[in-house]
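Examination of the molecular architecture
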Amino acid sequence: MALQFYSLFKRRDKRQHCREKETKKAGSTRITRIPMDEDDGFEDAGTGTPLSAIAEAFEELSSCLKSNGYDDLRLKPFCDACSLVSVLFGCLGIAFKFAELEYVSKVRDLAEASEVFGSLNSILDSDVRSDTVRTPGSLSRNLRRVRQGLDLIRALFQNFLSTYDDSLKEAASMAYAKVCAPYHTWAVRTAVSAGMCALPTRDQLLMKLNETDDSAEREMRRYIDASLPIIEYIDKLYISRSISLDW
């Protein structure tokens, strides 16, 4: 069923993403959508693979961010793209179950908040005003955790492409140790380490994702290149507000 996940998502044309603008007046935020041509509506995800759907979604996000001068990113399309990534955690089995559960819940919370908040900037601004940036359950904290999930997949892909070992244990362990382990308790780190033995093999993962070695390399590199500007942008949102990243 995991392989069907991507086909349920209707991606909005990237031109619509870029045509949503946020204006502020008298302390309020208003979202303005510039009228589009009739053929600028929704698109089906098509018959591609989960990896190709994820790569395309993040390329669109990266393109919109660049077109905005790396100044702002809409929350709704961000959540739409992030929701696709959960299928990857599901394919990795019990070792990444903790990440899947946390990631999915945080993306869902942010998606619900997109009915109120138009952009990632507005989330941070709201929590800074209420002094709840690091409060458990706050949107700023949820965004931080989603960012870690995106970076974990990016690091895993990089390690996957740098070796042809049949086992994914080393690639996954290195990605986890770099991205998530510094922020997890001893109990969580221990559970993750034990679960690494249950990771699928390289061939099993490719089969679950309906990819070959060549096609997986192509789509993984697309995601790596497209997700990095998004990850760096999120970090800058915190740094620009004098919020450290060590949490």
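Owing to the predicted nature of the structure, the values given are computational and were not obtained by experimental measurement. (Residues numbered from 1 in each chain as written. Predicted model: local features only at pLDDT ≥ 70, side-chain atom pairs only at ≥ 80, totals over all residues. Heavy atoms only, no water.)

What follows deals with the packing of helix α5 (residues 120–130) against helix α10 (residues 213–239). It is at 10 Å that the axes of α5 and α10 come closest, and there the two elements cross at 25 degrees. When the axis of α5 is compared with that of α10, the two are roughly parallel. α5 and α10 meet at a crossing whose hand is right-handed. Between α5, through Leu120, Asn121 and Leu124, and α10, the contact on the second element is made entirely by Tyr233, Ile234, Leu237 and Tyr238. (Axes fitted to C-alpha atoms, helices over the stretch in contact; angles between N-to-C directions. Helix = DSSP H or I, 4+ residues; strand = E, 2+ residues; numbered from the N terminus. Parallel < 35°, antiparallel > 145°, perpendicular 65-115°, else oblique. Left-handed = near helix turned anticlockwise from the far one by under 90°. Contact = heavy atoms within 4.5 Å.)

Let's shift gears to the environment of Arg74. Locating Arg74 in the fold gives a position in the loop between α2 (50–67) and α3 (75–91). Counting along the chain gives 45 residues from Arg74 to Ser119, while the straight-line C-alpha distance between them is 4.3 Å. One polar contact links the side chain of Arg74 to the main-chain carbonyl oxygen of Gly118, over a distance of 3.0 Å. (Polar contact = N/O pair within 3.5 Å; in protein donor to acceptor, adjacent residues only side chain to side chain.)

As enumerated under the stated definition, the model contains 13 salt bridges in all. Arg147 serves as the salt-bridge partner of Asp235, at 2.8 Å between the closest nitrogen and oxygen. With Asp235 in helix α10 and Arg147 in helix α6 (residues 139–162), this pair connects stretches of sequence that are 88 residues apart. Between Arg154 and Asp151 there is a salt bridge; the shortest N-O distance is 2.7 Å. Pair noted here: Arg154 and Asp151 are both in helix α6, with a separation of three residues, about one helical turn. (Salt bridge = Lys/Arg side-chain N within 4 Å of Asp/Glu carboxyl O.)

Next up on the list: the packing of α6 against α10. Between α6 and α10, the least distance of the axes is 9 Å, while the angle of their chain directions is 145 degrees. As α6 runs across α10, the sense of the crossing is left-handed. Contacts between α6 and α10 pair Ser140, Leu143, Arg144, Arg147, Leu150, Asp151, Ile153, Arg154, Phe157, Gln158, Phe160 and Leu161 from the former with Glu217, Met220, Arg221, Tyr223, Ile224, Ser227, Leu228, Ile231, Ile234, Asp235 and Tyr238 from the latter. Split into classes, the residues belonging to the contact of α6 with α10 amount to 13 nonpolar, three polar and seven charged. (Nonpolar A, V, L, I, M, F, W, Y, C, P; charged D, E, K, R; others polar.)

Of note in the backbone geometry, Tyr70 takes a positive phi value of approximately 55 degrees without being a glycine. Here Tyr70 is to be found in the loop between α2 and α3. Its identity as a non-glycine residue notwithstanding, Ser242 has a phi of 60 degrees, on the positive side. Inspection of the secondary structure puts Ser242 in the segment after α10. Given the relative accessible area of 72%, Ser242 is considered exposed. (Buried < 20%, exposed > 50% of the residue type's maximum accessible area, 1.4 Å probe, protein only.)

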